[in-house]
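Topology and contacts: notes
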Amino acid sequence: MKKIRWAWDNFEEILLGLIITVITLASGLQVICRYLFNNSLTWSEELSRYLFVWTGFLTLSLSIKARSIISIDAFVLWMPQRVRAGLNVLVYLFCAGVFAALSVNAYHMVASSAGQVSPAMGLPLAVVYIGPLLGLVLSIIRSLGRVICECKLVIRKEAV
Amino acid sequence: MSLVLFFGVLAILLVLTVPICVSFAFATLLPSLVNSDFPYTADAAIRSMVSGLNNFPLLAIPLFIIAGVIMAKGKISERLFNVFSYFIGNKTAGLPCAVTITCLFYGAISGSGPATTAAVGSMCIPLLTSVGYDLTFATALVAVSGGLGIIIPPSIPYIMYCNAAGTSISELFLAGFLPGVLIALCLMIYSYIYCKIHGEDKAKLNAQWQELRSRGLGTVLKEGFWALLSPVIILGGIYGGICSPTEAATISIFYSLIISLFVYRTIKIRDLPKILLEGVHSYAPILIILSAAVAFARVITLMNVASVVSEAVLSAISSKVVILLLINVLLLFVGMIMDTGPAILVFTPVLLPVTEALGVDPIHFGIIMCVNLAIGFVTPPMGANLFVASNLSKVSVIEIAKKAVPFILAFLVALMLITFIPEISLFLVK
Amino acid sequence: GDTTGGESASDDGSAEGTTYSFTVGTNTAEDSVNQLLAEKFKELIEERSDGAVTVTIYSNGALGGDAELTESCIAGTVDFIIGMTGSLVNYIPEAALFDLPNAFPDLATAREVLDGPILADLQAAYEAGGLKLFGYADSGFRVMSSSKAVRQMSDFSGIKIRTMENPNHIAYWQALGANPTPSDFSELYMSLEQGTLDAQENPYDLIVANKLYEPQSYIIETNHLLHTLNMVGSKATYDALPADIQQLVSECAAEAHQYARQMADERIESQKATIQDAGLEIITLEPAMIQEMADTASNVYDLVREQIGDELVDELLAQVETTSAAE
Ligand code: NA
Ligand code: NA
């Protein structure tokens, strides 16, 4: 149970760490094969790009979880902490809504790519597009997690 | 849908602290929500976001960020910096100037502004603060100097511009060298003024410098040798025909790993997961904004923002000087809200015919455009270097942007010289 | 395409007074055959519809790269796209027909064949994928630019040539003994200049527009593939149009394709001159060598047959045979 909990808490990090390792190795291998053996890999650039698509959407979810997502807070710095927490509840509900709308369409993208394969590796494109869907669904969950945290801040009766 | 309403909603979302990527994503959905005939739907938005990431040259950003973390952990940065400090560490503004020079140096390795900021910032910000410089100043310095990454070739925006304008990439690359050096000079002059006004912690600086001097030039150079060699390896990789600019980022990861693990022995194999994790956390907040910016740019294109805005600006005026000034203002504004790549793709076809009619060389205009957009790297809300730098130092984007204002003014001085003295760009080309 | 009710439009859906605004997307620069085709289409249809139809052209990938444009067109977000057939293969498998190396002996034959009975078969295939096909244009054959001269078969050996990410293209260059390297177009110039890559293959139109000849010493007229390009329409958009507008679209599109071919021929002459003025040598290959190249790469024919079946391939080859014999 503890292990599952740990894996869930670090899900994006684990996946992203693995992905960037594979990208680095594939790209390094390409340089070696092309320059030293004059025998280029035909799949390495395509693999890297597709993994990068996964990376982009997984980092969305990671940055919400790690609270590193970028927003402009200059205009709300004056607000008391509880008011800001209240605003955050609305903001992250809004985010979850936008991600939900996008994930419906990410799902369409997976569904409509049935039967299509990538040119170099012959990889089903659905596998590529599952990345955005996964990232968006995780982002909804992480946003709602953030909403719950901020709600606690609003309710908590401590001096501000 | 009216442009006022469109940008109004976007501004309100941003002010209410809705994350930038979400604000941009929602703005792309907005026109089709208001008017069901608008052809750009949510389906199209997600396609654009995916295709924005399905882009090989962008991979250089996370890779250079990870290489930067390795260089910092492996103390490669420290040794490289020691060599610079050995010579100018006791001079006024010596170290801030060394940062700008390092960005100039790194610009010749990296084709991207944010990647340069990441690579140089992760090594220089801790160093500057440890000898007493203000953290926000150090962060702003790196964020602005990181713009040199796209002015000094190789440069991904130059390649995009040439693609859109049909001009020669090799000529534009050559044209970028002198403007890059000029901008670096202007930034260094401001660093000097800043240090004169605010003073420096001479005791700390001198202690560090004396300690360094006591080790002797031979030792410092010997210790710094492998670090100094790293740009040589990476540049040599590109210019020696071994790797593409994006692959150079991979080379820099492997090179810095090998040096840190086996030569300097500053990191151990078991440190690698931590280094990787730190890298992942550094680039996490950036990538999705670049992706959302692509979708945003499509909507801006379909709403004809480029032609509406530029026609409004250009209709009444016929003076070349005034029009060039106005184009600079327009591009500075564009740089505030759009990322470099999409901005180049949207505005080159609109503005190039105007400047060509005025007799401005397309190569020269490419430099003007990219210098403007390099300034845009540090202007909120859409400032890629700000985001990267803010991540490195944990100073808020707005604080960095405030501290960057004088640097931006120095950059603007360079921009004016570059705009009105075409020879700065064209001297090496012709 | 959004159909906007004009001032006199009535709610009963009568076509009278209704206006249509179409978007056309390309991923090429404005100085290209693609753009000329788009502009001709715009000019023709706006004139002949008496202003009922307006066309907006978005070039330079402003509406997306090849894959994004194609998907947007199938979805109806973009009404028409102009691109090379190579970028359609994932959606219209039959477009792999144009991956058959050295299938056409010359441009005249190629064009006659593509205007012939095979067009109807391809139109059906495109329609199944959600796209309307109006005809084929081209910007001539794809040629090779290289830093090393190629005059005989053995010269292909080990040349690092950038190709598109297309298994048939990769297989072709492998068969010739070269080292095909699929890589990003935006890094191509730099890679050629620095010698990371030796060569690339594209039509003259793209080679000149992107100055790819600058870092190279030779153009080798391998003429291995016809650079077919066409304007395809969104089936969703097209089917929603009234019959008279459909007719007009098809007619103007077909004419624009013919015009694009003329323009391509004119441009290739001046593009060759540009390249020669820059000091490159243009190497033409003997028909015997071209035949040897096709024979050496016969496995690509097998690959394409595996992908799209024998029927279309045989039909194309038979028509090439009869057409070139008749000339
Ligand atoms: Na650069
Ligand atoms: Na900006």
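Remember, it's a predicted structure, so these values are computed and weren't measured experimentally.

**Here we look at the nonpolar core**
Within soluble globular proteins, side chains that are nonpolar tend to cluster in buried spots. Counting 266 residues, the largest nonpolar core has I183 and F365 of chain B together with L97, L122, Y126, M144 and F156 of chain C as its most contacted members. When sequence neighbours within four positions are dropped, the list of residues in contact with M144 of chain C reads V150, F156, I159, I161, W173, A199, Q200, E201, Y218, I219, I220 and T222 of chain C.

**A word on the UniProt feature "transmembrane region" (unreviewed entry) in chain A**
All names here are of chain A. In this numbering, the UniProt entry assigns the feature "transmembrane region" (unreviewed entry) to residues 14-37, 90-110 and 122-141. The span residues 14-37 is 100% helical and 0% strand by assignment, and the distance between its end C-alpha atoms comes to 33 Å. Secondary structure over residues 122-141 splits into 85% helix and 0% strand, and the C-alpha atoms at its two ends are 32 Å apart.

**Considerations on the pattern of salt bridges**
If you walk through the whole model with that rule in mind, you get 31 salt bridges over all chains. Where R34 of chain A meets E247 of chain B, a salt bridge forms, and the shortest distance between an N and an O atom there is 2.7 Å. In this pair, R34 of chain A sits in helix α2 (residues 11-37) while E247 of chain B sits in helix α14 (residues 245-263), so the two residues belong to two different chains. No difference in accessibility class separates R34 of chain A from E247 of chain B, as the two residues are buried. Residue K272 of chain C is joined to E221 of chain C by a salt bridge in which the shortest nitrogen-to-oxygen separation is 3.3 Å. With K272 of chain C in helix α9 (residues 243-277) and E221 of chain C in strand β10 (residues 218-221), this residue pair connects regions lying 51 residues apart in the sequence. Judged by its relative accessible area of 12%, E221 of chain C is buried.

**Quick word on the interface of chain C and chain B**
In this complex, chain C contributes 32 residues to the contact, which on the side of chain B involves 35 residues. The junction of chain C with chain B conceals about 2700 Å² of combined surface from both sides, 54% of it contributed by carbon and sulfur atoms. Among the residues of chain C in contact with chain B, E68, E187 and M190 of chain C are the three that bury the most area, contributing 22% of the side total. For E68 of chain C, the salt bridge is made with R298 of chain B, and the minimal N-O distance between the two is 2.8 Å. The interface formed by chain C and chain B contains 9 residue pairs in polar contact (both at pLDDT 80 or more). At the level of secondary structure, the elements contributing two or more residues to the side of chain C that touches chain B comprise β1 (2-4), α2 (66-75) and α6 (188-194) of chain C.

**What about helix α10 (residues 287-296) of chain C?**
Residues and elements named next belong to chain C. Within α10 the residues assigned to the buried category are M289, I290, M293 and A294. Angular distribution of buried residues about the axis of α10 spans 145°; they occupy a single face of the element. The secondary structure elements touched by the buried residues of α10 are α5 (167-175), β10 and α11 (298-308).

**Re a nonpolar patch on the surface**
Residue and element names in this part refer to chain B. A contiguous nonpolar surface patch, about 510 Å² in accessible area, is contributed by V321, V322, L325, V413, L417, F420 and I421. For the nonpolar patch, the secondary-structure elements that each account for two or more residues are α17 (320-337) and α21 (397-420). One can find V321 in helix α17. V321 sits in the partly exposed class, given a relative accessible area of 45%.

**What to know about the interface of chain A and chain B**
Taken together, the contact pairs 52 residues of chain A with 50 residues of chain B. Counting each side, the surface lost to burial between chain A and chain B is near 4600 Å², with a carbon and sulfur contribution of 80%. Ranking the residues of chain A by area buried against chain B places F52, I70 and I72 of chain A at the top, with a combined share of 17%. Taken together, the links from chain A to chain B amount to 1 salt bridge. Counting across the chain A and chain B interface gives 8 residue pairs in polar contact (both at pLDDT 80 or more). Listed by contribution, the elements that provide at least two residues to the side of chain A that touches chain B are α2, α3 (44-65), α4 (81-112) and α5 (125-155) of chain A. Of all the elements, α2 of chain A adds the most residues to the side of chain A that touches chain B, at 14 residues. Residue composition of the side of chain A that touches chain B, grouped by class: 31 nonpolar, 16 polar and 5 charged.

Parameters at a glance
- Residues numbered from 1 in each chain as written.
- Chains lettered and ligands numbered in written order.
- Predicted model: local features only at pLDDT ≥ 70, side-chain atom pairs only at ≥ 80, totals over all residues.
- Heavy atoms only, no water.
- Core = buried A, V, L, I, M, F, W, Y, C linked by side-chain atoms within 4.5 Å.
- Buried < 20%, exposed > 50% of the residue type's maximum accessible area, 1.4 Å probe, protein only.
- Contact = heavy atoms within 4.5 Å.
- UniProt positions renumbered as here; feature names shortened; annotations may be inferred.
- Helix = DSSP H or I, 4+ residues; strand = E, 2+ residues; numbered from the N terminus.
- Salt bridge = Lys/Arg side-chain N within 4 Å of Asp/Glu carboxyl O.
- Buried area = accessible area lost by both parts, 1.4 Å probe.
- Polar contact = N/O pair within 3.5 Å; in protein donor to acceptor, adjacent residues only side chain to side chain.
- Arc of directions from axis to C-beta.
- Patch = residues over 30% accessible without salt bridge, like charges linked within 9 Å, V, L, I, M, F, W, Y side chains within 5 Å.
- Areas by Shrake-Rupley, 256 points an atom, 1.4 Å probe, with all protein chains shown as cover.
- Nonpolar A, V, L, I, M, F, W, Y, C, P; charged D, E, K, R; others polar.

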